[in-house]
Amino acid sequence: MKRVKIFAAIFMIVCICITITGCGKSSNPENVNSNSDSTNSVAENSTSQSDTKKNADSSDGNKIESVSENKDESQPSENTKKTGTDVLVVYFSATGTTKGVAEKLADVTGADIYEIIPAEPYTEADLNWHDSDSRTTHEQDDKSVRPGIASDKLSLDGYTTIYVGYPIWWGEEPRIMDTFVESYDFVGKTMIPFCTSGGSGIGSSGDNLKNNAGSGKWLEGARLDSGISESELQDFVNSLK
Ligand SMILES: Cc1cc2nc3c(=O)[nH]c(=O)nc-3n(C[C@H](O)[C@H](O)[C@H](O)COP(=O)(O)O)c2cc1C
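Presented here is an overview of the structure given in this document. Just so you know, these numbers come straight off a predicted model, no measurement behind them.

Thresholds, definitions, all that
- Residues numbered from 1 in each chain as written.
- Predicted model: local features only at pLDDT ≥ 70, side-chain atom pairs only at ≥ 80, totals over all residues.
- Near = placed C-beta within 6 Å.
- Nonpolar A, V, L, I, M, F, W, Y, C, P; charged D, E, K, R; others polar.
- Buried ≥ 20, exposed ≤ 12 C-beta atoms within 10 Å, placed from the backbone.
- Helix = DSSP H or I, 4+ residues; strand = E, 2+ residues; numbered from the N terminus.
- Arc of directions from axis to C-beta.
- Contact = placed C-beta atoms within 7 Å.
- Axes fitted to C-alpha atoms, helices over the stretch in contact; angles between N-to-C directions.
- Parallel < 35°, antiparallel > 145°, perpendicular 65-115°, else oblique.
- Left-handed = near helix turned anticlockwise from the far one by under 90°.
- Core = buried A, V, L, I, M, F, W, Y, C linked by C-beta atoms within 7 Å.
- Pairing = 2+ DSSP bridges.
- Right-handed = clockwise from strand over helix to strand, strands pointing away.

Moving on, we get to the site of the ligand. The ligand sits among 21 residues. The nearest are Ser93, Thr95, Thr97, Thr98 and Pro167. Residues that form the shell around the ligand fall into these classes: seven nonpolar, 13 polar and one charged.

In this section: helix 6 (residues 205-213). Working note: α-helix, 3.6 residues per turn, so residues spaced by three or four point in the same direction. Considered for burial, the residues of helix 6 that qualify are Ser205, Gly206, Leu209, Lys210 and Ala213. In an axial view of helix 6, the angular spread of the buried residues amounts to 140°, which keeps them on one side of the axis. Where helix 6 is buried, its residues touch strand 3 (161-167), helix 5 (175-182), strand 4 (190-196) and strand 5 (217-218).

The N-to-C vectors of helix 3 (residues 97-109) and helix 7 (residues 230-239) enclose an angle of 70°; their axes lie 10 Å apart at closest approach. On the basis of their axis angle, the class for helix 3 and helix 7 is roughly perpendicular. Our pair here, helix 3 against helix 7, has a crossing hand that is right-handed. Counting all contacts with helix 3, which are made through Lys104, Leu105, Val108 and Thr109, the residues of helix 7 involved are Glu230, Leu233, Gln234 and Val237. Residues of the contact of helix 3 with helix 7, tallied by class, amount to four nonpolar, two polar and two charged.

This part takes up the nonpolar core. Core analysis: the biggest nonpolar cluster contains 37 residues, and Leu88, Val89, Val90 and Tyr163 have the highest contact counts within it. Elements with a contribution of two residues or more to this core: strand 1 (87-91), helix 3, strand 2 (112-115), strand 3, helix 5, strand 4 and helix 6. Sequence-distant contacts of Tyr163, defined by excluding residues within four places in its chain, comprise Val89, Val90, Leu105, Ile192 and Phe194.

Here the focus is the pairing of strand 3. Counting buried positions along strand 3 yields six of seven residues, so the element is predominantly enclosed. Bridge count for strand 1 against strand 3 is five bridges, and the pairing is parallel. Directly across from Val90, in strand 3, lies its bridge partner Val164. You can see the chain leave strand 3, run along helix 5 and come back into strand 4, and the turn it takes is right-handed.

For the rest of this paragraph, the subject is the environment of Lys99. Among the structural elements, Lys99 can be located in helix 3. Taking the C-beta count within 10 Å as the criterion, Lys99 has 18 such neighbours and is therefore assigned partly exposed. Remark: the alpha-carbon pair of Lys99 and Tyr166, spanning 67 residues in sequence, is separated by 8.4 Å. Apart from residues lying up to four places away in sequence, Lys99 is in contact with Tyr91 and Ser93.

Shape descriptors only; they carry no functional weight alone.
Next up, the structure:
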C-alpha cells in the first residue's frame, strides 16, 4: 500500500512536470516574443519591401516629375542663361565649330544660348563622311530621320529673335535640326539660320528648316566662318535689320 502511494505520488509529480513543460511552451513570453519577433520580421520585411517599393515608387515619381518638369514649357531650361533678353541663340555642334560661333554671337547680341544635345551622341565613326555606311551618311540620306534631343525642353516665351546654328552635313542641315524645329511653335518670332561648314554655303538648309518648322518668320541666314570676329558678327547682325 505504501508502495502504491509512493508510485501515485511519483506519477502525480511526473504529470505535473509534463503539464508545466507543455503549457510553458505556449505561455513562455520569450516564445511569444520570438513568435511576435518573427511576425515583426516578416512585417519588417514586408515594411522594408514596401519601403523599397515606396522608395522605388518615389524615385520613379521623381523621375517622372523631373521629366514632366522638363516637358513643362513654362519652366526655363537650364541651358539658357535667363538674362531677360528677347534674343536666343540655339545651336547644334558635333565638333565644336558651330558652338564657338554661337557663343560669340550670343556675346555680341546679348542673347541667351541653348544647345541642342543629341540623345545619342555622335561618335567620330558616326561623323565619318567618307564611310557610306556611317550614321550621318544614313541620316542625311533619309530626310525623314529625326534623331532625338536630350536637352531640356525650352520655353520660347519672351524671345522674339532666334538664331539657329548648325554645321552643314552633305550640303544640308543635320536631321536633328529638323527634330528641333518640328518640336516648337515659332509664331511671332523671327528665325535666323546660320551655319558653319568646310566651305559649302547655307544652301537649301534654311528653307528646309523653315518648311519643317511651319511657323515663324524665317530670314535667309548665312554661313559664318569659324574664325569670324566679333565686329564681323556685329556686321552680320546689323545686315539683318
Ligand atoms: C557628316 C558630315 C558631313 C559634312 N558635309 C559637309 C558639306 O557638305 N560641305 C561642307 O562644306 N562641309 C561639310 N562638313 C564639314 C562641317 O560642316 C564643318 O566641319 C562644320 O564646321 C562642323 O561644325 P561643328 O564642329 O559645329 O560640328 C561635313 C561634316 C560632317 C561631319
